[in-house]
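# Structure at a glance
The residues making up each chain are set out below.
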Amino acid sequence: MISSVSFIGLGGMGWHMASHLPKVCDNVKVWNRNFDKAEQHSRIFGTQAVSLQEAIHVDVIFSCLPTSADIEGLVHDLVLKPGTIWIDCTSGVPESAQKLSMQLAKQGVIYLDAPVSGQTIGAEKGTLTVMVAGDEIAFEKVKPIISAFAELIEYVGESGAGFSVKAINNMLMAVNLWSVAEGLCVLKAKGVQLGAALNCINHSSGRSGISENIFAQRIFSRTFEKTFALDLLQKDIGIAIDLMDQQYLQLQMMQLIHQQFAVVERAKAKEMDFSAVVKVLENTVKLKLC
Ligand code: NDP
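### Focus on the state of the cysteines
- In the structure shown here, the tally under the stated rule is zero disulfides.
- Unpaired in terms of disulfides, C25 finds its nearest cysteine sulfur in C89, a separation of 15 Å.
- With no disulfide of its own, C200 has C185 as its nearest cysteine by sulfur position, at a separation of 18 Å.

This is how it looks when you write it as C-alpha coordinates:
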(Lines give C-alpha, C1' and ligand atoms only; values in the text may rest on other atoms or scores of the structure.)
Protein backbone atom coordinates (compact mmCIF):
# COMPACT_ATOMS: atom_id res chain seq x y z
CA MET A 1 0.00 0.00 0.00
CA ILE A 2 1.23 3.49 -0.82
CA SER A 3 0.90 5.69 2.25
CA SER A 4 3.44 8.46 1.63
CA VAL A 5 4.63 10.33 -1.47
CA SER A 6 7.00 13.20 -2.09
CA PHE A 7 7.69 15.65 -4.88
CA ILE A 8 11.19 16.98 -5.57
CA GLY A 9 11.50 20.08 -7.79
CA LEU A 10 8.73 22.66 -7.52
CA GLY A 11 9.46 24.52 -10.76
CA GLY A 12 7.02 25.62 -13.46
CA MET A 13 5.74 22.04 -13.80
CA GLY A 14 6.45 20.45 -10.43
CA TRP A 15 4.72 23.20 -8.46
CA HIS A 16 1.36 22.37 -10.07
CA MET A 17 1.87 18.60 -10.34
CA ALA A 18 2.59 18.34 -6.63
CA SER A 19 -0.46 20.45 -5.82
CA HIS A 20 -2.76 17.61 -7.02
CA LEU A 21 -1.17 14.85 -4.93
CA PRO A 22 -3.13 15.55 -1.70
CA LYS A 23 -6.21 14.37 -3.68
CA VAL A 24 -4.81 10.82 -3.77
CA CYS A 25 -2.56 10.61 -0.71
CA ASP A 26 -2.86 12.02 2.83
CA ASN A 27 0.89 12.22 3.39
CA VAL A 28 2.51 14.43 0.70
CA LYS A 29 5.99 15.85 1.31
CA VAL A 30 7.68 18.43 -0.92
CA TRP A 31 11.28 19.52 -1.28
CA ASN A 32 12.81 22.25 -3.44
CA ARG A 33 16.39 23.50 -3.72
CA ASN A 34 15.19 27.02 -2.99
CA PHE A 35 13.34 25.95 0.15
CA ASP A 36 11.08 29.05 0.35
CA LYS A 37 9.12 27.58 -2.55
CA ALA A 38 8.52 24.34 -0.64
CA GLU A 39 7.29 26.27 2.39
CA GLN A 40 5.01 28.36 0.21
CA HIS A 41 3.69 25.20 -1.46
CA SER A 42 2.86 23.64 1.89
CA ARG A 43 1.00 26.78 2.99
CA ILE A 44 -1.08 26.93 -0.20
CA PHE A 45 -1.76 23.24 -0.92
CA GLY A 46 -1.51 21.50 2.44
CA THR A 47 1.65 19.56 1.56
CA GLN A 48 4.56 19.23 4.04
CA ALA A 49 7.81 21.09 3.28
CA VAL A 50 10.62 18.77 4.43
CA SER A 51 14.37 18.28 4.12
CA LEU A 52 15.71 16.21 1.23
CA GLN A 53 16.51 13.38 3.66
CA GLU A 54 12.88 13.29 4.78
CA ALA A 55 11.57 13.63 1.24
CA ILE A 56 13.32 10.44 0.14
CA HIS A 57 11.96 8.30 2.98
CA VAL A 58 8.54 7.70 1.42
CA ASP A 59 6.88 4.98 -0.66
CA VAL A 60 6.82 6.97 -3.91
CA ILE A 61 9.16 9.81 -4.93
CA PHE A 62 8.33 12.11 -7.85
CA SER A 63 11.00 14.35 -9.36
CA CYS A 64 10.84 17.02 -12.07
CA LEU A 65 14.16 18.82 -12.59
CA PRO A 66 15.50 20.44 -15.79
CA THR A 67 17.85 17.66 -16.94
CA SER A 68 19.02 14.11 -16.30
CA ALA A 69 22.35 15.57 -15.16
CA ASP A 70 20.50 17.41 -12.37
CA ILE A 71 18.76 14.17 -11.32
CA GLU A 72 22.01 12.19 -11.39
CA GLY A 73 23.68 14.88 -9.27
CA LEU A 74 20.85 14.68 -6.75
CA VAL A 75 20.63 10.87 -6.58
CA HIS A 76 24.38 10.52 -6.12
CA ASP A 77 25.11 9.52 -2.50
CA LEU A 78 21.44 9.29 -1.46
CA VAL A 79 20.60 6.33 0.76
CA LEU A 80 17.06 5.27 -0.10
CA LYS A 81 14.48 2.98 1.49
CA PRO A 82 14.23 -0.43 -0.22
CA GLY A 83 10.84 -0.85 -1.92
CA THR A 84 10.58 2.85 -2.87
CA ILE A 85 9.41 3.67 -6.41
CA TRP A 86 11.07 6.76 -7.95
CA ILE A 87 9.01 8.38 -10.73
CA ASP A 88 11.17 10.81 -12.67
CA CYS A 89 9.03 13.31 -14.60
CA THR A 90 12.05 15.23 -15.92
CA SER A 91 12.35 15.28 -19.73
CA GLY A 92 15.57 13.32 -19.63
CA VAL A 93 18.10 11.22 -21.49
CA PRO A 94 17.20 7.54 -22.21
CA GLU A 95 20.67 6.19 -21.27
CA SER A 96 20.47 8.05 -17.97
CA ALA A 97 17.16 6.31 -17.20
CA GLN A 98 18.80 2.92 -17.78
CA LYS A 99 21.81 3.90 -15.68
CA LEU A 100 19.69 5.23 -12.78
CA SER A 101 17.40 2.24 -12.97
CA MET A 102 20.37 -0.13 -12.48
CA GLN A 103 22.03 2.10 -9.87
CA LEU A 104 18.87 2.42 -7.74
CA ALA A 105 18.02 -1.29 -8.12
CA LYS A 106 21.12 -1.97 -5.98
CA GLN A 107 19.26 -0.24 -3.12
CA GLY A 108 16.02 -2.12 -3.87
CA VAL A 109 14.49 1.00 -5.44
CA ILE A 110 12.57 0.96 -8.75
CA TYR A 111 13.15 3.91 -11.09
CA LEU A 112 10.56 4.79 -13.74
CA ASP A 113 11.13 7.42 -16.40
CA ALA A 114 7.80 9.24 -16.67
CA PRO A 115 8.12 12.53 -18.54
CA VAL A 116 5.05 14.66 -19.04
CA SER A 117 3.50 16.80 -21.74
CA GLY A 118 0.79 19.46 -21.59
CA GLN A 119 2.65 22.60 -20.52
CA THR A 120 2.23 24.42 -17.22
CA ILE A 121 -1.48 24.96 -17.93
CA GLY A 122 -1.98 21.18 -18.22
CA ALA A 123 -0.05 20.69 -14.98
CA GLU A 124 -2.25 23.27 -13.28
CA LYS A 125 -5.46 21.64 -14.55
CA GLY A 126 -4.18 18.12 -13.84
CA THR A 127 -4.60 17.05 -17.47
CA LEU A 128 -1.04 16.06 -18.40
CA THR A 129 -0.01 13.20 -20.66
CA VAL A 130 2.49 10.92 -18.91
CA MET A 131 4.69 8.47 -20.84
CA VAL A 132 5.97 5.88 -18.39
CA ALA A 133 8.71 3.29 -18.87
CA GLY A 134 10.46 0.70 -16.73
CA ASP A 135 9.14 -2.03 -14.42
CA GLU A 136 5.54 -2.67 -15.54
CA ILE A 137 4.34 -4.08 -12.22
CA ALA A 138 5.59 -0.97 -10.41
CA PHE A 139 3.90 1.15 -13.07
CA GLU A 140 0.51 -0.50 -12.38
CA LYS A 141 1.02 0.11 -8.67
CA VAL A 142 1.68 3.85 -9.03
CA LYS A 143 -0.76 4.60 -11.87
CA PRO A 144 -3.54 5.74 -9.48
CA ILE A 145 -1.10 8.21 -7.86
CA ILE A 146 0.06 9.58 -11.23
CA SER A 147 -3.59 10.01 -12.22
CA ALA A 148 -3.78 12.90 -9.72
CA PHE A 149 -2.24 15.18 -12.36
CA ALA A 150 -2.80 13.27 -15.60
CA GLU A 151 -5.46 12.74 -18.22
CA LEU A 152 -3.53 10.13 -20.21
CA ILE A 153 -1.03 7.72 -18.66
CA GLU A 154 0.59 5.40 -21.19
CA TYR A 155 3.09 2.62 -20.50
CA VAL A 156 5.59 2.84 -23.38
CA GLY A 157 8.14 0.10 -22.64
CA GLU A 158 11.49 -0.61 -21.09
CA SER A 159 13.57 1.89 -19.12
CA GLY A 160 14.42 4.91 -21.29
CA ALA A 161 11.43 4.55 -23.63
CA GLY A 162 9.52 7.32 -21.84
CA PHE A 163 12.36 9.80 -22.33
CA SER A 164 12.67 8.71 -25.98
CA VAL A 165 8.98 9.33 -26.70
CA LYS A 166 9.12 12.70 -24.96
CA ALA A 167 12.19 13.84 -26.92
CA ILE A 168 10.55 12.94 -30.24
CA ASN A 169 7.31 14.62 -29.17
CA ASN A 170 9.18 17.84 -28.45
CA MET A 171 11.09 17.58 -31.70
CA LEU A 172 7.70 17.43 -33.45
CA MET A 173 6.54 20.45 -31.47
CA ALA A 174 9.63 22.38 -32.59
CA VAL A 175 9.08 21.38 -36.24
CA ASN A 176 5.51 22.51 -35.89
CA LEU A 177 6.35 25.86 -34.33
CA TRP A 178 8.90 26.62 -37.02
CA SER A 179 6.73 25.50 -39.93
CA VAL A 180 3.63 27.41 -38.80
CA ALA A 181 5.84 30.50 -38.42
CA GLU A 182 7.21 30.03 -41.95
CA GLY A 183 3.71 29.63 -43.39
CA LEU A 184 2.52 32.77 -41.64
CA CYS A 185 5.58 34.72 -42.86
CA VAL A 186 4.56 33.89 -46.43
CA LEU A 187 1.02 35.11 -45.77
CA LYS A 188 2.26 38.27 -44.06
CA ALA A 189 4.53 39.06 -47.04
CA LYS A 190 1.55 38.55 -49.32
CA GLY A 191 -0.43 41.10 -47.24
CA VAL A 192 -2.95 38.64 -45.77
CA GLN A 193 -4.41 39.57 -42.38
CA LEU A 194 -2.74 37.14 -39.96
CA GLY A 195 -5.50 36.88 -37.35
CA ALA A 196 -8.01 35.82 -39.99
CA ALA A 197 -5.49 33.46 -41.61
CA LEU A 198 -4.70 31.76 -38.29
CA ASN A 199 -8.40 31.43 -37.52
CA CYS A 200 -8.89 29.58 -40.84
CA ILE A 201 -5.88 27.34 -40.20
CA ASN A 202 -7.14 26.54 -36.70
CA HIS A 203 -10.39 25.30 -38.24
CA SER A 204 -8.61 23.39 -41.02
CA SER A 205 -6.25 20.47 -41.53
CA GLY A 206 -3.10 22.54 -40.86
CA ARG A 207 -4.00 23.18 -37.21
CA SER A 208 -2.05 21.90 -34.21
CA GLY A 209 -1.70 22.46 -30.49
CA ILE A 210 0.96 25.03 -31.31
CA SER A 211 -1.15 26.90 -33.89
CA GLU A 212 -4.13 26.88 -31.54
CA ASN A 213 -2.46 27.71 -28.22
CA ILE A 214 0.75 29.61 -28.91
CA PHE A 215 0.60 31.86 -31.98
CA ALA A 216 -2.20 34.31 -31.15
CA GLN A 217 -1.55 34.13 -27.40
CA ARG A 218 2.24 34.66 -27.32
CA ILE A 219 3.53 35.63 -30.76
CA PHE A 220 0.92 37.94 -32.34
CA SER A 221 0.47 39.54 -28.90
CA ARG A 222 4.31 39.89 -28.57
CA THR A 223 4.10 38.78 -24.93
CA PHE A 224 6.21 35.59 -25.40
CA GLU A 225 5.02 34.66 -21.92
CA LYS A 226 7.62 32.31 -20.45
CA THR A 227 6.27 28.93 -19.33
CA PHE A 228 8.76 26.61 -21.04
CA ALA A 229 12.31 27.85 -21.44
CA LEU A 230 13.86 27.66 -24.89
CA ASP A 231 17.02 26.04 -23.49
CA LEU A 232 14.88 23.12 -22.24
CA LEU A 233 13.46 22.64 -25.74
CA GLN A 234 17.00 22.83 -27.18
CA LYS A 235 17.94 20.07 -24.70
CA ASP A 236 15.00 17.91 -25.88
CA ILE A 237 15.90 18.43 -29.54
CA GLY A 238 19.48 17.40 -28.69
CA ILE A 239 18.18 14.18 -27.07
CA ALA A 240 16.09 13.45 -30.19
CA ILE A 241 19.12 14.04 -32.45
CA ASP A 242 21.23 11.67 -30.32
CA LEU A 243 18.49 9.03 -30.63
CA MET A 244 18.47 9.48 -34.41
CA ASP A 245 22.28 9.19 -34.59
CA GLN A 246 22.28 6.07 -32.41
CA GLN A 247 19.93 4.43 -34.94
CA TYR A 248 22.31 5.44 -37.81
CA LEU A 249 19.56 7.53 -39.39
CA GLN A 250 20.15 10.77 -41.30
CA LEU A 251 16.85 12.65 -41.24
CA GLN A 252 16.87 16.07 -42.82
CA MET A 253 13.93 17.72 -41.08
CA MET A 254 15.31 16.83 -37.65
CA GLN A 255 18.80 18.02 -38.55
CA LEU A 256 17.47 21.29 -39.92
CA ILE A 257 15.38 22.03 -36.83
CA HIS A 258 18.34 21.19 -34.60
CA GLN A 259 20.42 23.81 -36.45
CA GLN A 260 17.68 26.48 -36.44
CA PHE A 261 17.05 26.17 -32.71
CA ALA A 262 20.76 26.08 -31.85
CA VAL A 263 21.21 29.59 -33.28
CA VAL A 264 20.13 31.09 -29.94
CA GLU A 265 22.94 30.60 -27.45
CA ARG A 266 22.06 28.50 -24.39
CA ALA A 267 22.49 31.25 -21.75
CA LYS A 268 20.12 33.55 -23.64
CA ALA A 269 17.69 30.69 -24.35
CA LYS A 270 17.42 30.02 -20.60
CA GLU A 271 15.75 33.41 -20.18
CA MET A 272 13.37 33.07 -23.15
CA ASP A 273 10.10 31.21 -23.69
CA PHE A 274 10.42 28.62 -26.47
CA SER A 275 7.94 30.59 -28.60
CA ALA A 276 10.44 33.48 -28.85
CA VAL A 277 12.60 31.39 -31.20
CA VAL A 278 10.23 32.70 -33.88
CA LYS A 279 12.11 36.02 -33.61
CA VAL A 280 15.10 34.29 -35.23
CA LEU A 281 12.99 33.57 -38.30
CA GLU A 282 11.45 37.06 -38.24
CA ASN A 283 14.92 38.63 -38.22
CA THR A 284 16.03 36.46 -41.14
CA VAL A 285 13.05 37.34 -43.35
CA LYS A 286 12.70 40.90 -41.95
CA LEU A 287 9.03 40.50 -41.04
CA LYS A 288 7.10 40.55 -37.77
CA LEU A 289 4.28 38.10 -37.08
CA CYS A 290 1.75 40.52 -35.62
P1 NDP B 1 11.86 25.08 -14.09
O2 NDP B 1 13.15 25.69 -14.48
O3 NDP B 1 10.65 25.93 -13.98
O4 NDP B 1 12.05 24.35 -12.66
C5 NDP B 1 13.16 23.57 -12.39
C6 NDP B 1 13.07 23.02 -10.98
O7 NDP B 1 14.19 22.17 -10.75
C8 NDP B 1 13.10 24.09 -9.88
O9 NDP B 1 12.31 23.63 -8.80
C10 NDP B 1 14.58 24.13 -9.50
O11 NDP B 1 14.80 24.53 -8.17
C12 NDP B 1 14.93 22.67 -9.62
N13 NDP B 1 16.35 22.45 -9.89
C14 NDP B 1 17.07 22.88 -10.95
N15 NDP B 1 18.33 22.38 -10.91
C16 NDP B 1 18.39 21.65 -9.78
C17 NDP B 1 19.43 20.89 -9.18
N18 NDP B 1 20.64 20.79 -9.75
N19 NDP B 1 19.17 20.25 -8.01
C20 NDP B 1 17.95 20.34 -7.41
N21 NDP B 1 16.91 21.05 -7.94
C22 NDP B 1 17.15 21.69 -9.10
O23 NDP B 1 11.61 23.86 -15.09
P24 NDP B 1 10.22 23.26 -15.60
O25 NDP B 1 9.38 22.93 -14.44
O26 NDP B 1 9.71 24.10 -16.71
O27 NDP B 1 10.77 21.91 -16.29
C28 NDP B 1 11.11 20.78 -15.52
C29 NDP B 1 11.20 19.58 -16.48
O30 NDP B 1 9.92 19.37 -17.09
C31 NDP B 1 12.22 19.79 -17.61
O32 NDP B 1 12.86 18.59 -17.90
C33 NDP B 1 11.32 20.23 -18.79
O34 NDP B 1 11.92 19.95 -20.04
C35 NDP B 1 10.06 19.44 -18.52
N36 NDP B 1 8.81 19.98 -19.06
C37 NDP B 1 8.52 21.33 -18.97
C38 NDP B 1 7.32 21.81 -19.48
C39 NDP B 1 6.95 23.26 -19.39
O40 NDP B 1 5.99 23.67 -20.07
N41 NDP B 1 7.63 24.08 -18.59
C42 NDP B 1 6.36 20.91 -20.14
C43 NDP B 1 6.72 19.52 -20.10
C44 NDP B 1 7.92 19.10 -19.61
P45 NDP B 1 14.97 26.09 -7.77
O46 NDP B 1 13.60 26.60 -7.54
O47 NDP B 1 15.77 26.04 -6.51
O48 NDP B 1 15.69 26.77 -8.91
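### Side note on the side chain of S19
- With respect to the helices, strands and loops of the structure, S19 is situated in helix α1 (residues 14-20).
- Its relative accessible area of 18% is what places S19 among the buried residues.

### Focus: the site of the ligand
- Taken together, 23 residues surround the ligand, and among them G12, N32, K37, P66 and T227 come closest.
- A distance of 2.8 Å is found between an oxygen atom of the ligand and a backbone nitrogen or oxygen belonging to G12.
- When the ligand sits alone it has 910 Å² of accessible area, and the protein chains cover 84% of it.
- Those elements giving two or more residues to the shell around the ligand turn out to be α6 (119-125) and α12 (230-246).
- For the shell around the ligand, the per-class residue count stands at eight nonpolar, 10 polar and five charged.

### Let's talk about the layout of surface pockets
- In this model, the second largest pocket occupies a volume close to 180 Å³.
- If you go around the second largest pocket, the residues you meet are V263, V264, E265, K268, M272, A276, K279, V280 and N283.
- When residues in the lining of the second largest pocket are grouped by element, the largest group, three residues, is from helix α15 (residues 278-285).
- Of the residues assigned to the lining of the second largest pocket, the class counts are five nonpolar, one polar and three charged.

### Side note on the packing of helix α8 (residues 161-190) against α15
- Across the interface, α8 lies against α15 with an axial gap of 10 Å and an inter-helix angle of 35°. Note that α8 runs across α15; the crossing there is right-handed. Along the contact surface, α8 presents L177, W178, A181, E182 and C185, while α15 presents V278, V280, L281 and V285.
- Classifying every residue of the contact of α8 with α15 by side-chain character gives eight nonpolar, no polar and one charged.

### A few points about the environment of V60
- Mapped onto the fold, V60 is located in strand β4 (residues 60-63).
- V60 sits 155 residues away from F215 along the chain, and the two C-alpha atoms are 38 Å apart.
- When near neighbours in sequence (up to four residues on either side) are disregarded, V60 contacts I2, S4, V5, S6, I85, I87 and V142.

### Section: α8
- Along its 30 residues, α8 runs 44 Å from first to last C-alpha, staying within 8% of the 44 Å computed at 1.5 Å per residue.
- Just downstream of α8, G191 is the residue with a positive phi angle, here 90°.

### Let's talk about a positive patch on the surface
- Residues R33, K37, K226, R266 and K270 make up a contiguous surface patch of positive charge.
- Tracing the backbone shows K37 in helix α2 (residues 35-45).

Cut-off values and rules
Residues numbered from 1 in each chain as written. Predicted model: local features only at pLDDT ≥ 70, side-chain atom pairs only at ≥ 80, totals over all residues. Heavy atoms only, no water. Disulfide = S-S within 2.5 Å. Helix = DSSP H or I, 4+ residues; strand = E, 2+ residues; numbered from the N terminus. Buried < 20%, exposed > 50% of the residue type's maximum accessible area, 1.4 Å probe, protein only. Near = heavy atom within 4 Å. Polar contact = N/O pair within 3.5 Å; in protein donor to acceptor, adjacent residues only side chain to side chain. Areas by Shrake-Rupley, 256 points an atom, 1.4 Å probe, with all protein chains shown as cover. Nonpolar A, V, L, I, M, F, W, Y, C, P; charged D, E, K, R; others polar. 1 Å grid on protein atoms, 1.4 Å probe; cavity = no way out; pocket = protein on both sides within 12 Å on 5 of 7 lines; lining within 4 Å. Points joined across faces, edges and corners; volume = space filled by probe spheres on them. Axes fitted to C-alpha atoms, helices over the stretch in contact; angles between N-to-C directions. Left-handed = near helix turned anticlockwise from the far one by under 90°. Contact = heavy atoms within 4.5 Å. Expected span 1.5 Å × (residues − 1). Patch = residues over 30% accessible without salt bridge, like charges linked within 9 Å, V, L, I, M, F, W, Y side chains within 5 Å. Salt bridge = Lys/Arg side-chain N within 4 Å of Asp/Glu carboxyl O. Lys, Arg positive; Asp, Glu negative; His and termini not counted. Charge placed at Lys NZ, Arg CZ, Asp CG, Glu CD.

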